[in-house]
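Results of the structural survey
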Amino acid sequence: MSHTYQGVGWSPQKRKYDLVVAACMAAYAATFIAVTVATQPHVTAETLMLRASGSLAFVMLSCVLMIGPLARISPRFLPILYNRRHLGVATFLAGLVHGALAIFQFHALGDINPFVSVLTSDGGLGGPGDIPFQPLGAVVLGVLFLMAATSHDFWLANLTPRTWKSLHMTVYAAYAVLLGHVVLGALQGEGKEYLWPVTAAVAVAVFTVHLYTGLAERRRDRADVLAGSGASPESEGYVRTIVADEIPDSEGRVVTLGDERVAVFRNGSTISCISNVCCHQMGPLGEGRIIDGCITCPWHGFQYDPVNGCAPPPFTDRLETYDVAIRDGFVWVNPVPNPLGTASRTATLSVVARAPVGETGGYVTDFYVGYHDPSPPRVRRFQRRFAAVSLVVAGAAAVVIATGQRQLPAAAFEFGTIRTFEGFVVADPYPSLIVPRGPVTSRYLLVGPGKSGANVLVEPVTGGWATMDGTLAYRDGQAVIQVEPGSVARAGGTLPPALADEVLGERSVEGEIVGAKCYLGVMNPGSGVAHRACAELCIRGGIPPLLMVRHEDGSTEGIILAGANGEALGEELSGLIAAPVGMTGRLVRRGATTVLHVDPAEIRRLR
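Residues numbered from 1 in each chain as written. Predicted model: local features only at pLDDT ≥ 70, side-chain atom pairs only at ≥ 80, totals over all residues. Heavy atoms only, no water.

1. Notes on the nonpolar core
- Grouped together as the largest cluster of nonpolar side chains are 42 residues, with contacts concentrated most on Ile 513, Leu 546, Leu 547, Leu 561, Met 583 and Ile 603.
- No other element matches the 5 residues that helix α13 (residues 516-522) contributes to this core.
- Not counting residues within four places of it along the chain, the set of residues in contact with Ile 513 comprises Ile 539, Pro 545, Leu 546, Leu 547, Leu 561, Leu 573, Leu 576, Ile 577, Ala 578, Val 581, Met 583 and Ile 603.
- Formed by 39 residues, the second largest nonpolar core is a distinct cluster that contains Val 64, Leu 87, Ala 311 and Ala 398. (Core = buried A, V, L, I, M, F, W, Y, C linked by side-chain atoms within 4.5 Å. Buried < 20%, exposed > 50% of the residue type's maximum accessible area, 1.4 Å probe, protein only. Helix = DSSP H or I, 4+ residues; strand = E, 2+ residues; numbered from the N terminus. Contact = heavy atoms within 4.5 Å.)

Have a look at this one:
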């Protein structure tokens, strides 16, 4: 405790807590990465880090929300609650890594501001499957940022505890929004079926433990109200509460006066009553202990005089106190509080029995106070066991989630490897490089860096031979070259290669529209709802759109989409990307490449 604001100081307890948190985060990330690399040989580094950080943030926030009710069920969890804000800040950092990677991978390098793109390029609310999930993630990250930024007691004091508590209670709404983000995003086509019940089980556990503690406390409050009915001992208005001898020395008990909870404490032979709500974070004072003559809050160790409710100098916090009396062995409490700072009327027990005192720190045995070190022996043993169990749970959660990912297709992006290509450049309907290889002719789609097409880069050499440097990406016999700016030059070829189109006639096909660059290997999987925003920006920027068609034998084929008259398609496909669609058009085969000429207005959404 400190009566002045200062930078965060790490006590031995905080260092141990943060070390356990960091170890669990490292165990989760390392296990997730190891399992994914072992089971998904074609995963890209970007996808790996996105999924590891995102799933870690979800698991951590679920744990954060369970700490409070667990501490209500058993005081053994109070050491975990004491530094919960550290865990909350770590959760925000995990979410920040996930959000930053998502913005860079899916929204940067396009023709829209990345932050605007997060809110606008992820579909709309106009049709089936169109609910945008990435704005939901942005909302959650914003709430976690506000909580992390206001975690210091400076904000608690200046916002007032009630406002601060209300702000931090929005984490429950944020968790519900996070579930929407997960269900509408990661679980849509990217997770195996068993991840749905696993996610549901985690959410149910979080809300069930809160419901259980809430109902348990409600039952206790109602029992207190019923027990307190009857005549007052000395004057009208006093309420009978608890048997005086049942209160252990230096401890308190929470009782209910109408709609208000108060704490009845015993200090030697003296019985007193004080508000149950700590001024700091509204912790339950009645579950605390009397240490050095002061009631000590079990959450963060704030202290108050049990008679007048004042914090010891130089602190100025004050709580309401209540007059008490003892009659027929029961403690009777006047439900009308005394003015703040006023000494209350106390009662005296006839028999005094002191409770044992711990060997270290001078506080009651096994009661945890965060700023005391070391902790009581039984608390230390529980902390060690809890740390070990947390490490095991972190690794197990990583295994369950990592193995729950659907198998990624065989695709490759030769990042960092620059090759030199030579061939004939065409632009019908998208820039391509035709490379004759004896009797075989290879055709490579050409794209630019980021989310841009190669039209501007190859325009000077279109219709002729050229050389260029670029990076190759390929999948299922199709390839795309990311052209290096400034590397395109005319070559010495004179005659165009023989290009024979085979018209296959009218065909009706179904599939998913994707961006050629990511789908063919730059990002893996490069398809699905999670990739929608990126594909929207890529196709807007001139990257060729592909229709990903899945055949009955399980194989996939990427068909290039063009307009009915052979023109390039771009913004016309907005709102149709990363969703099941059907269309009818003229199918043309060009070597190993297939092009479907279709009127974008005739493309229909499928349920």
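Next comes the rest of the account.
2. Some details on a negative patch on the surface
- Taken together, the side chains of Glu 567, Glu 572, Asp 599 and Glu 602 define an acidic patch exposed on the protein surface.
- Within the secondary structure, Asp 599 is located in the loop between β23 (593-597) and β24 (604-605).
- With a relative accessible area of 36%, Asp 599 lands in the partly exposed category. (Patch = residues over 30% accessible without salt bridge, like charges linked within 9 Å, V, L, I, M, F, W, Y side chains within 5 Å. Areas by Shrake-Rupley, 256 points an atom, 1.4 Å probe, with all protein chains shown as cover. Salt bridge = Lys/Arg side-chain N within 4 Å of Asp/Glu carboxyl O. Lys, Arg positive; Asp, Glu negative; His and termini not counted. Charge placed at Lys NZ, Arg CZ, Asp CG, Glu CD.)

3. Digging into the pattern of salt bridges
- Scanning the entire structure with this criterion turns up 12 salt bridges.
- Arg 419 serves as the salt-bridge partner of Glu 414, at 2.6 Å between the closest nitrogen and oxygen.
- Judged by its relative accessible area of 14%, Glu 414 is buried.
- A salt bridge links Arg 590 to Asp 501, with the nearest nitrogen and oxygen atoms 3.3 Å apart. Of this pair, Arg 590 sits in strand β22 (residues 580-590) while Asp 501 sits in strand β19 (residues 501-515), and the two are 89 residues apart along the sequence.

4. What about the sheet that holds strand β1 (residues 239-243)?
- Sheet architecture is open: 3 strands sit in the order β1-β10-β9, paired in antiparallel fashion. This sheet does not close on itself; its edge strands, each paired only once, are β1 and β9 (324-327). Within the sheet, the average angular offset between the axes of one strand and its neighbour, ignoring direction, is 35°.
- Here β1 pairs with strand β10 (residues 330-333) via 3 bridges, running antiparallel. Along β10, the bridge assignment pairs Val 243 with Phe 330. (Pairing = 2+ DSSP bridges. Axes fitted to C-alpha atoms, helices over the stretch in contact; angles between N-to-C directions.)

5. Here's the deal with helix α8 (residues 161-169)
- Every buried residue of α8 is accounted for by Trp 164, Lys 165 and His 168. All buried residues of α8 project into a common sector of 100° when viewed along the axis, lining one side.
- In this structure, the buried residues of α8 make contact with α4 (84-107), α6 (134-149), α7 (153-159) and α9 (171-184). (Arc of directions from axis to C-beta.)

6. Looking at the side chain of Asn 338
- Its location among the elements puts Asn 338 in the loop between β10 and β11 (347-348).
- Side chain to side chain, Asn 338 and Asp 323 meet in a polar contact 3.1 Å long. (Polar contact = N/O pair within 3.5 Å; in protein donor to acceptor, adjacent residues only side chain to side chain.)

7. Topic: the pairing of β19
- Pairing of β19 with β22, which is carried by 11 bridges, proceeds in the antiparallel orientation. Paired with Gly 505 across the bridge in β22 is Leu 587.
- Sheet analysis places β19 next to strand β20 (residues 545-550), joined by 4 bridges and oriented antiparallel. Residue pairing in the sheet places Gly 515 in a bridge with Pro 545 of β20.

8. Brief notes about the state of the cysteines
- Scanning the entire structure with this criterion turns up 0 disulfides.
- No disulfide involves Cys 63; its nearest neighbouring cysteine sulfur is the one of Cys 24, lying 8.7 Å away.
- No disulfide involves Cys 297; its sulfur sits 4.0 Å from that of Cys 278, the nearest cysteine.
- According to the relative accessible area criterion, Cys 297 is buried, its value standing at 4%. (Disulfide = S-S within 2.5 Å.)

9. Thoughts on helix α11 (residues 377-403)
- Here α11 spans 39 Å end to end across 27 residues, near enough to the 39 Å set by a 1.5 Å rise per residue.
- Taken together, the buried positions of α11 are Val 379, Phe 382, Ala 387, Ser 390, Ala 394, Gly 395, Ala 397, Ala 398, Ile 401 and Ala 402. (Expected span 1.5 Å × (residues − 1).)

10. Here's the deal with the sheet that holds strand β5 (residues 289-291)
- Strand order in this open sheet of 3 strands is β5-β6-β7, and the pairing throughout is antiparallel. Sheet topology places β5 and β7 (303-304) at the edges, where each strand pairs with a single neighbour.
- Pairing between strand β6 (residues 294-296) and β7: 2 bridges, direction antiparallel. Along β7, the bridge assignment pairs Thr 296 with Gln 303.

11. Details of the confidence of the model for the protein chain
- Of the residues in the protein chain, 92% reach a pLDDT of 70 or more, and the chain-wide mean stands at 87.
- Every residue in residues 125-129 scores below 50 in pLDDT, and together they form 7 contacts with partners more than four places removed in sequence or on other chains.
- This stretch, residues 354-364, has a pLDDT under 50; its non-local contacts, to residues over four places away or in other chains, come to 22 contacts. (pLDDT = per-residue confidence, 0-100.)

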